[in-house]
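Secondary and tertiary structure notes
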Amino acid sequence: AFTQTAVLHVRGSLIDRDRLEHYLQIFQSSSPSYVLMAGIERCIEYMDGPGRAEMREFAGRLEKLRGRLARMKHLRLLDRDRIGQAGVYDLDLSKIVVSAGDTGVSGRELMQLFRERYHLELEMSGADYVTAITTKMDSEEGFKRLEQAFLETDEQLESGTGRSRQGEWKPAAYPESVLTLREAVSRPRRRVKLEESAGSVSAEYVYLYPPGIPILVPGEVLTPEIIGQICRFRSRGLPVQGMKDYDVRYIETVRE
């Protein structure tokens, strides 16, 4: 189906259907796109027909690919063993998330390597990981090239071409929140050099996008650990966003 389409499935009595209908009337568009709605209908028709068998075949191909990638020695595949940890409820097996955290190679470097050497465009890169999104429309040749890219890169890291800096990307502790978000964005601000902002209260968001998970939100206290993490991301050319200063040199803080 087209991007921006979605289907809300309701089964059983886990939620109040009357309440759901109430909020749908508030939030859903009163001018729906019939092109998008027709796309949803066609998608449902397909998934209830030939799509069932094709998705089973796709799942089998994914299991084989993930089984081979699980044998990597230096790069690490995010797999089912993380379910139940750190708030992870389940795993979308079609998203191949691979960590390079113990190799000294950043996610951005790994993404660039795949693009230049294997002509593979990954979905995204983080500080120390990459994500490849697979679909049932991917060819067998594409699956093999993705597998080859990860396995060959893993072997090269084993032979010493990687730079070991284990623990460089260890996440900083959660910052302390001293103001509500509304209070922080409403109060007067001052512009401070990032390296000199320890102890200040942030008036801005700071995050890497993708994936967009906040490093800092308005109302939280800047600590030396958080500042160091942001500076490391900046020095590696990673996409630090949210700050008014696009060069990531200054941050707006709550004026005391």
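As shown above, the structure is provided for reference.
Here the structure is a predicted model, which is why all the values come from computation and not from measurement.

What to know about the sheet that holds strand β6 (residues 206-208)
Strands sit in the order β7-β6-β8 across an open sheet of three strands; the sheet is antiparallel. Edge positions in the open sheet fall to β7 (214-216) and β8 (240-241), since each of these has one partner strand only. Packing of helix α7 (residues 224-235) onto the sheet brings it into contact with β6, β7 and β8, and relative to β7 it is tilted by some 125°.

Structural notes on the packing of aromatic side chains
The full count for this structure, using the stated rule, is four aromatic pairs. Measuring from centroid to centroid gives 6.4 Å for Tyr23 and Phe27, while their planes differ by 20°, and the two rings are stacked. Note that Tyr23 and Phe27 are positioned in helix α1 (residues 17-27) at a spacing of four residues, about one turn of the helix. Relative accessible area serves as the criterion here: at 37%, Tyr23 is assigned to the partly exposed category. You can call Phe27 exposed: its relative accessible area is 68%. Among the aromatic residues, those joined into a cluster by ring pairs are Phe114, Tyr118 and Phe150. One cation-aromatic arrangement involves Arg61 over Phe143; the distance from NZ or CZ to the ring centre is 4.3 Å. In this structure, Arg191 is placed above the aromatic ring of Tyr250, and the distance from its NZ or CZ to the ring centre is 4.2 Å.

Looking at the layout of surface pockets
Looking at the second largest pocket, its volume works out to about 410 Å³. Lining the second largest pocket are 15 residues, with Ala6, Val7, Gln28, Met37 and Ile40 sitting closest to its centre. Counting only elements with at least two residues in the lining of the second largest pocket, the list comes to α1 and α2 (34-47). Among the elements that take part in the lining of the second largest pocket, α2 stands out by supplying five residues, more than any other.

Details of the sheet that holds strand β2 (residues 95-99)
Taken together, four strands build an open sheet; the order of strands is β1-β2-β4-β3 and the sheet is antiparallel. Each edge of the sheet is formed by a strand with only one pairing partner; in this case those strands are β1 (76-77) and β3 (124-125). When β2 meets strand β4 (residues 129-133), the two strands line up antiparallel, connected through five bridges. Of the residues in β4, the one forming a bridge with Val98 is Val130. Seen against the sheet, helix α3 (residues 50-69) touches β1 and β2 and runs at an angle of roughly 5° to β2.

Definitions and limits used
- Residues numbered from 1 in each chain as written.
- Predicted model: local features only at pLDDT ≥ 70, side-chain atom pairs only at ≥ 80, totals over all residues.
- Heavy atoms only, no water.
- Pairing = 2+ DSSP bridges.
- Helix = DSSP H or I, 4+ residues; strand = E, 2+ residues; numbered from the N terminus.
- Contact = heavy atoms within 4.5 Å.
- Axes fitted to C-alpha atoms, helices over the stretch in contact; angles between N-to-C directions.
- Phe/Tyr/Trp six-rings, centres within 6.5 Å; stacked < 30°, edge-to-face > 60°.
- Buried < 20%, exposed > 50% of the residue type's maximum accessible area, 1.4 Å probe, protein only.
- Lys NZ or Arg CZ within 6 Å of the ring centre and 35° of its normal.
- 1 Å grid on protein atoms, 1.4 Å probe; cavity = no way out; pocket = protein on both sides within 12 Å on 5 of 7 lines; lining within 4 Å.
- Points joined across faces, edges and corners; volume = space filled by probe spheres on them.

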